[in-house]
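In case you want the letters, here they are:
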Amino acid sequence: MKHGKSWLPAHILAWAYAALLLVPLYYLLASAFKTNEEIFASPFSLPTSLSFGNFGTAFESADLGLAVVNSALVTAFSLALTLALAIPAAFAVARSTGRLGAFVEKVFSLGFLIPTFAALFPTFLLAAATGLFHTRMFMVLFLPATAMPLSVVILVQFMRTIPKEMEEAARIDGASTFGVLRHVYTPMCMPGIATVLLLNFLTFWNEYLYSLVIIGPDPSQRTVQVALPTLKSLTGTDYGVLTAGTVLTLVPVWAVYTVLQKRMQQALVSGAVKM
Amino acid sequence: MRSTMSRRGFLAAGSGLAAATALPALPALAGCSTLASADSDPDTLVVHSQLGTTAPGSPTYLSALNTFRDENPGLKVKNLVNGDDLAQVYETSRLARKEPDVVMVNLYDKTLAWTDVGATVDVKGYMDDWGLRKRVLPVALDAWTDGKGRLRAFPYFATNWPVAYNTALLESAGVDAIPTTGDQLISAARKLRAKGIAPVTVGGNDWTGQKLLAQIIQTFLTPDEARKVFTSGDFSGSRGAREGIEYFTALRDAGVFADKAQGLTSDTMTTQFNTGAAAIQSAMSSALAKVPDKIARHTDVGGWPLAPGAAHAKPTILRTYTLIGFWISPNGTKKLDSVEKFLRFMYRPDTVTRFVKESGRDMALRSDTLSTDFPLVAEAQKLGDDVSEALLPDVYVPPAATQPLITATSTAFTRGTSPARVRSVLEAAYRTA
């Protein structure tokens, strides 16, 4: 297929944009193999050595292995709880035709208006009062609460696109309400569920402020976002080690993003055919 | 679609699903639920520190901790590490009454208020009861004692803060001697610039710039006057402060500082000096310890050049004894036996010697050991009376003014900013406090 010259500006812009996105990624990766002197003296030059020394130092000194496990635990359980709560909630709101349903939907939407910082102190007080301060458990309960507005709003929109005839057919076959959710709505909402999973995974994994304050600095509990800044020092930071540590913490994000993005695309296509 | 679950069953199943996702997590997520402080394990001493990863002195500290554990098999020690956010994390832990037992941090910014608000305790009595007072330099005890006579923490790390001169670069530019006056410094800066070398590199956008600015302002101030000025923030009301700021702007506009110094940070400062891109820096011991050998061989340490009529007889350096101290928390007072063992161990001469020799740290404790593997640190330790000492303003600046002062510092390092404008932004930083 041949494209005319009119495509040229679009190609140039697209490639320029892609290059623009690659620059910080390259800088991060290249810096992970350099010393401070090399990073500051020639930031965009290729590294002179491909030694993994900085990675080893970052991994050991910040105990990143355990921190990744903690982050994975908090993120996985938070995601499970988010879905367990958001799917039924969205199902109920999407099927509701009354004023109460509309009101509940608006209440969920209001959650977007709460600024992160504004909730920090009340959340801290809640954690202290419940005896869950300095635990990962509190974050597992708290993160889904912060994710509910977005998750429910997204899923409601997906569920509303499902024809009522599908539910009616299932009812005729003897399906209960739970059966309808399980066998009709959930499979057909996989694109939405994948989207919710992906967005929330990124949010949960990268969460810093609440994890710092609530979970705290205990190496046996702290998440990777709390462990990473310990590589930074007011009296002299080794940026090679810091960027190497950052790259290590990005690997799980990259892996999950790649997997879920494919699933999301597959689900979108298959959903379109089914519908 | 054979499910025949009723609405009630559906609700039950939903609840069960939610519980099923959460319950298996409980042991894993809440097993090590607290910081194992006073309210949990009485045999565990929890220490909160900035040492433990890549901060200077961390390897020695971790190794010393292991030695302490070996010597005290019945006592567990948990080391919690935070970087710049340590104070914030400690304060929230304290609010929840789950703070660690001992905190290792400097006396600066937020920590200045800790003793006053009861976040940590007065350690004066413990210092005497445990017989550790004789181990501490008297000047360090003074620095850690507040206006009400309370000893805020057990002093530990100190630092010399001299000016490092790369003599090879100076000679290559035709400067034969280290400048000791402002005129000599301006002349040296012109010659260095002609050779394409940055003269004085400084983090004009962070604490390093703030300290150097404070040091230069003190050129015409006695220690008592300096204390008064930095406590009140009245830079216009002090003739010496006014003259010091005029001296600073004269040096700045004569090109003494590296280009765009107002945007540089401590990291760019040390990198410019360590790569030979700049000839002069004002550097604390931890930065001097990191100067590479090839640069250190041609580096001398001294003081900041003076102006005619200065209040000091010799070029000035900064010294502080408040870099790191051991603070005891209210939780720590419930485990005094463990805390005492830990403090006695950290104050032991062999432990102190390790920090000096292995990490090149300056100590606030009595020790004759020199940092032989860190020649510039050792040189700075030997400066003694060859230099005059300017006051480190950290203890006198109100905590709330600390960050605004750093912003004001960046304005001060911007070329063309008049002395009156510099005074104005510095005073504005105090007014926001």
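Definitions and limits used
Residues numbered from 1 in each chain as written. Chains lettered and ligands numbered in written order. Predicted model: local features only at pLDDT ≥ 70, side-chain atom pairs only at ≥ 80, totals over all residues. Helix = DSSP H or I, 4+ residues; strand = E, 2+ residues; numbered from the N terminus. Contact = placed C-beta atoms within 7 Å. Buried ≥ 20, exposed ≤ 12 C-beta atoms within 10 Å, placed from the backbone. Pairing = 2+ DSSP bridges. Axes fitted to C-alpha atoms, helices over the stretch in contact; angles between N-to-C directions. Domains from an automatic or database assignment. Parallel < 35°, antiparallel > 145°, perpendicular 65-115°, else oblique. Nonpolar A, V, L, I, M, F, W, Y, C, P; charged D, E, K, R; others polar. Left-handed = near helix turned anticlockwise from the far one by under 90°. Core = buried A, V, L, I, M, F, W, Y, C linked by C-beta atoms within 7 Å. pLDDT = per-residue confidence, 0-100. Expected span 1.5 Å × (residues − 1).

**Some words on the overall build of chain A**
Part 1 of the argument: Within chain A, the regular secondary structure consists of 13 helices and zero strands.
Part 2 of the argument: Counted from the first residue to the last, chain A has its helices and strands arranged as α-α-α-α-α-α-α-α-α-α-α-α-α.
Part 3 of the argument: Along the three orthogonal principal directions, the C-alpha set of chain A runs to about 70 × 65 × 30 Å.
Part 4 of the argument: Considering only residue pairs separated by 6 or more positions, chain A has 77% of its internal contacts joining residues 24 or more positions apart.

**A closer look at the overall build of chain B**
Part 1 of the argument: Along the backbone of chain B there are 20 helices and eleven strands.
Part 2 of the argument: By principal-axis analysis of the C-alpha atoms, chain B measures approximately 90 × 60 × 45 Å.
Part 3 of the argument: Scored against the burial criterion, the 433 residues of chain B give a buried share of 52%.

**Focus on the sheet that holds strand 5 (residues 163-166) of chain B**
Residue and element names in this part refer to chain B.
Part 1 of the argument: On the basis of which strands lie adjacent, the open sheet formed by four strands has the order 6-7-5-8 and mixed pairing. Lying at the two open borders of the sheet, with one neighbouring strand each, are strand 6 (198-201) and strand 8 (299-302). When the angles between neighbouring strand axes are averaged without regard to direction, this sheet yields 20°.
Part 2 of the argument: One ladder, built from three bridges, connects strand 6 with strand 7 (residues 278-282); its direction is parallel. Across the sheet, residue Thr201 finds its bridge partner in strand 7, namely Gln281.

**A short note on unusual backbone geometry**
Part 1 of the argument: Here His134 of chain A, not a glycine, exhibits a phi torsion of approximately 65°, which is positive.
Part 2 of the argument: Summarising the element assignment, His134 of chain A is placed in the loop between helix 6 (120-130) and helix 7 (136-160).
Part 3 of the argument: For His134 of chain A, a count of 26 C-beta atoms within 10 Å puts it in the buried group.
Part 4 of the argument: The phi torsion at Asp109 of chain B lies on the positive side, around 60°, for a residue other than glycine.
Part 5 of the argument: Summarising the element assignment, Asp109 of chain B is placed in the loop between strand 3 (102-105) and helix 5 (114-117).

**Quick look at the domain arrangement of chain B**
Part 1 of the argument: Along its sequence, chain B is organised into domain 1 (44-160 + 321-363) and domain 2 (163-282 + 398-431).
Part 2 of the argument: Using C-alpha coordinates to define each centre, domain 1 of chain B is positioned 32 Å away from domain 2 of chain B.

**What to know about the packing of helix 19 (residues 402-412) of chain B against helix 20 (residues 419-431) of chain B**
All names here are of chain B.
Part 1 of the argument: Close contact between helix 19 and helix 20 brings their axes to 8 Å; oriented N to C, the two are set at 170°. On the basis of the axis angle, helix 19 is roughly antiparallel to helix 20. Facing Pro404, Leu405, Ala408, Thr411 and Ala412 of helix 19, the residues of helix 20 in contact are Val422, Val425, Leu426, Ala428 and Ala429.
Part 2 of the argument: Each residue belonging to the contact of helix 19 with helix 20 can be placed in one class, and the counts come to nine nonpolar, one polar and no charged.

**Considerations on the environment of Val253 of chain A**
Part 1 of the argument: One can find Val253 of chain A in helix 13 (residues 239-274).
Part 2 of the argument: Apart from the residues within four sequence positions on either side, Val253 of chain A is in contact with Leu202 and Trp205 of chain A.

**Structural notes on the pairing of strand 9 (residues 316-328) of chain B**
Residue and element names in this part refer to chain B.
Part 1 of the argument: Of all 13 residues in strand 9, 13 are buried; the element is thus mostly enclosed.
Part 2 of the argument: Pairing between strand 3 and strand 9: four bridges, direction antiparallel. By the bridge assignment, Val103 is partnered in strand 9 with Trp327.
Part 3 of the argument: Strand direction decides the pairing type here: strand 4 (residues 154-161) and strand 9, joined by six bridges, are antiparallel. The residue bridging Pro155 from the neighbouring strand is Gly325, located in strand 9.

**Remarks on the packing of helix 8 (residues 164-172) of chain A against helix 9 (residues 177-188) of chain A**
A pair of packed helices is characterised by two quantities: the angle between their axes and the separation of those axes.
Residue and element names in this part refer to chain A.
Part 1 of the argument: Closest axis-to-axis distance for the helix 8/helix 9 pair is 10 Å, and the angle between their directions is 125°. Taken as axis vectors, helix 8 and helix 9 run oblique relative to one another. For the crossing formed where helix 8 meets helix 9, the hand is right-handed. The residues of helix 9 that touch helix 8, namely those facing Met166, Glu167 and Ala170, are Gly179, Val180, His183 and Val184.
Part 2 of the argument: Here the contact of helix 8 with helix 9 is composed, by residue class, of four nonpolar, two polar and one charged.

**A few points about the environment of Leu336 of chain B**
Part 1 of the argument: Structurally, Leu336 of chain B is set in helix 16 (residues 336-347).
Part 2 of the argument: Linking Leu336 of chain B and Leu45 of chain B, residues 291 residues apart in sequence, is a C-alpha distance of 9.8 Å.

**Some points on the nonpolar core**
Part 1 of the argument: Residues Ala90 and Leu155 of chain A together with Val102 of chain B are the most contacted members of the largest nonpolar core, which totals 121 residues.
Part 2 of the argument: Other than its neighbours up to four places away in sequence, Ala90 of chain A contacts Val152, Leu155, Val156 and Met159 of chain A.

**Topic: the confidence of the model for chain B**
Note that predicted coordinates carrying low pLDDT should not be read in detail.
Residues and elements named next belong to chain B.
Part 1 of the argument: The predicted model of chain B averages 89 in pLDDT, with 91% of residues at 70 or higher.
Part 2 of the argument: Here residues 31-39 scores under 50 on pLDDT; set against residues more than four positions off or in separate chains, the count is 28 contacts.
Part 3 of the argument: ipTM for the predicted complex: 0.80, alongside a pTM of 0.82.

**Side note on helix 5 (residues 99-110) of chain A**
Part 1 of the argument: Relative to the 16 Å expected for twelve residues at 1.5 Å per residue, helix 5 of chain A spans 16 Å between its end C-alpha atoms, a close match to the ideal helical length.
Part 2 of the argument: Summarising burial for helix 5 of chain A: zero of the twelve residues are buried, a small minority.

**A look at the confidence of the model for chain A**
Part 1 of the argument: Overall, the predicted model of chain A reaches an average pLDDT of 89, with 93% of residues at or above 70.
Part 2 of the argument: For chain A, the element scoring lowest by mean pLDDT is helix 13 of chain A, at 78; helix 4 (residues 64-95) of chain A scores highest, at 95.

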